[in-house]
Amino acid sequence: RAKEGGKARSEVFDERMQAQAVDALQTTDDLSRAVAEGQFRLHYQPIVDLRDGRVRGVEALLRWQHPRRGLLTPEAFVPLAERTGLILDIGRWVFTEAWRTLETWYAEAGPDCGLTLSVNISARQLANGELLDVVADTQPAGPAGNALLVEVTEELLVADARAGFSTLHALAMMGVRVGVDDFGRGISSLAHLQTMPIDHVKVDRSFVAGLGRHAQDEAVVAGIVGMARSMGVGVVAEGVENAEQLDILRRLGCDSAQGYLLGFPAPTFDLDLLGPRPTRLVLPADGPGVDGP
Ligand code: C2E
Ligand code: MG
Ligand code: MG
Ligand code: MG
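Basis of the calculations
- Residues numbered from 1 in each chain as written.
- Chains lettered and ligands numbered in written order.
- Predicted model: local features only at pLDDT ≥ 70, side-chain atom pairs only at ≥ 80, totals over all residues.
- Heavy atoms only, no water.
- Near = heavy atom within 4 Å.
- Polar contact = N/O pair within 3.5 Å; in protein donor to acceptor, adjacent residues only side chain to side chain.
- Areas by Shrake-Rupley, 256 points an atom, 1.4 Å probe, with all protein chains shown as cover.
- Helix = DSSP H or I, 4+ residues; strand = E, 2+ residues; numbered from the N terminus.
- Nonpolar A, V, L, I, M, F, W, Y, C, P; charged D, E, K, R; others polar.
- Donors = N, O, S within 2.8 Å, 3.2 Å for Na, K, Ca; no water.
- Buried < 20%, exposed > 50% of the residue type's maximum accessible area, 1.4 Å probe, protein only.
- Salt bridge = Lys/Arg side-chain N within 4 Å of Asp/Glu carboxyl O.
- Axes fitted to C-alpha atoms, helices over the stretch in contact; angles between N-to-C directions.
- Left-handed = near helix turned anticlockwise from the far one by under 90°.
- Contact = heavy atoms within 4.5 Å.
- Core = buried A, V, L, I, M, F, W, Y, C linked by side-chain atoms within 4.5 Å.
- Pairing = 2+ DSSP bridges.

To continue, consider the site of ligand 1. R63, D181, R205, E241 and Y260 are the nearest of the 24 residues found near ligand 1. Between ligand 1 and E59 there is a distance of 3.1 Å, counted from an oxygen atom to a side-chain nitrogen or oxygen. Relative to its free-state accessible area of 800 Å², ligand 1 is covered by the protein chains to the extent of 83%. Elements with a contribution of two residues or more to the shell around ligand 1: strand 2 (55-66), helix 3 (87-109) and strand 6 (177-183). If you tally residues by element for the shell around ligand 1, the top one is strand 2, at 4 residues. Here the shell around ligand 1 is built from residues that sort into 9 nonpolar, 7 polar and 8 charged.

Only D182 (OD) and E238 (OE) from the protein reach the magnesium ion (ligand 4) as donors, at distances of 2.2 to 2.5 Å. Taken as a pair, the magnesium ion (ligand 4) and the magnesium ion (ligand 3) show a spacing of 3.0 Å, with E238 coordinating each metal. Remark: E238 occurs in the loop between strand 8 (234-237) and helix 10 (243-252) and D182 occurs in strand 6; sequence separation between them is 56 residues. With respect to class, D182 is no different from E238; both count as buried.

One pass over the structure, following the stated rule, counts 14 salt bridges. The salt bridge partner of D30 is R68, with a shortest N-O separation of 3.1 Å. Highlighted residues: D30 in helix 1 (residues 2-34) and R68 in the loop between strand 2 and strand 3 (70-72), separated in sequence by 38 residues. The exposure class assigned to D30 is buried, which follows from its relative accessible area of 4%. Ionic pairing is found between D49 and R51, a salt bridge with its closest N-O pair at 2.6 Å. By relative accessible area, D49 is classed as buried at 7%.

We now examine the packing of helix 9 (residues 215-231) against helix 10. Here helix 9 crosses helix 10 at 40°, and the two axes come no closer than 10 Å. Regarding helix 9 and helix 10, the two cross each other, and that crossing is right-handed. From helix 9, E218, V221, A222 and V225 reach across to helix 10, where they touch I248, L249, R251 and L252. Of the residues in the contact of helix 9 with helix 10, the class split is 6 nonpolar, no polar and 2 charged.

Core analysis: the largest hydrophobic core is formed by 78 residues, its most contacted members being F95 and F269. At 10 residues, the largest contribution of residues to this core is made by helix 3. The contact partners of F269, leaving out residues within four places of it in the chain, are Y44, P46, V55, V58, W105, L115 and L274.

Turning our attention to the pairing of strand 6. Burial of strand 6 is extensive: 6 of the 7 residues sit out of reach of the surface. Note that strand 5 (residues 148-153) and strand 6 share 5 bridges and pair parallel. Across the sheet, the residue bridging to E151 is G179, located in strand 6. In this sheet, strand 7 (residues 200-203) lies alongside strand 6 in parallel orientation, the contact comprising 3 bridges. Looking at strand 7, one finds that G179 is bridged to H200.

Counted residue by residue, strand 2 has 10 buried out of 12 residues, so it is predominantly covered. Where strand 1 (residues 40-49) lies against strand 2, 9 bridges are found, and the strand directions are antiparallel. Counted as the bridge partner of Q45 is E59 from strand 2. Here strand 1 hands over to strand 2 after 5 residues, with G53 in that stretch at a positive phi of 75°. By the bridge criterion, 3 bridges tie strand 2 to strand 4 (residues 116-120) in an arrangement that is parallel. Across the sheet, the residue bridging to G57 is T116, located in strand 4. Alignment of strand 2 against strand 3, held across 3 bridges, turns out to be antiparallel. Bridging across to strand 3, Q65 finds its partner in L71. Taking the residues between adjacent antiparallel strands as the criterion, strand 2 and strand 3 are bridged by 3 residues.

Here we come to the coordination of the magnesium ion (ligand 3). Every protein donor of the magnesium ion (ligand 3) is listed here as D181 (OD) and E238 (OE), and their distances to the metal cover 1.9 to 2.0 Å. A separation of 3.6 Å is found between the magnesium ion (ligand 3) and the magnesium ion (ligand 2), which are bridged by D181. Here the residue D181 occupies a position in strand 6, and E238 occupies one in the loop between strand 8 and helix 10, the gap between them amounting to 57 residues. There is no split in this pair, since D181 and E238 are both buried.

Structure below.
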């Protein structure tokens, strides 16, 4: 193709390739310093129980406070961290920080508060028993040690079902629950995950986005809820942005929901949201059970 385009085009192409390579090198360099220099942060997004509007869980979302480029979200650096293996160090930091946070929350809200914190992991972390080592090394004693959940994408579990199977069972033994993230997007179905100890599935944002607009998306979510029910697995919806979506999810029997409508990811989580009247959460005025019984 470079030949057809002549010399000028191939040079432009080369320059761009080179710029990208330099950029990746620079970012890799920055990344390898970032853990040591404490540039990572966790942001916290509440997960709301649709039965009573209470927050019982929180998802930890990774951010990189880059010295020059500002606050970066995972899409800007997780793929590179995966390729270079730096995700293993970052993941270790994430678990350490998540459990430190849980210990603070449990100290403040009490040992029976039941609050959970979910952390995300990617492919590299699931391989080679790395995850089990990290959990063994970072898990604290006491109630906070049993309050962590790991979110693994459906895609990942399907790609290496054998490794997934043994790792998930080992995690369950260690008191770490597992959620299946971005559920419904891959080719698998709940039935394929039947042998795995799964706490809940998280309906992919793309289906939630179509609720109220595409009947097909409602059918998919209804199907997921039905299957999950019959298997005793919970259902969380992600990416809820408006009241109509929330109403439909509640009607379909979804257990919990997460999204900008209910709370943005933020550097801190307000423990007052655990209370019976989370008035700061936007919930439809006519929704059942918002104010609790
Ligand atoms: P995810 O686990 O599916 O996380 C949900 C993403 O949706 C988050 O993006 C969140 O900010 C965003 N989100 C939440 N509510 C809404 C909403 O109502 N509408 C829309 N449009 N988006 C919403 P974020 O924080 O950029 O994270 C992207 C992905 O990066 C995550 O997807 C997760 O797969 C990955 N990730 C996050 N933290 C970590 C981590 O600590 N380690 C690893 N390996 N991956 C992580
Ligand atoms: Mg997630
Ligand atoms: Mg998700
Ligand atoms: Mg997602």
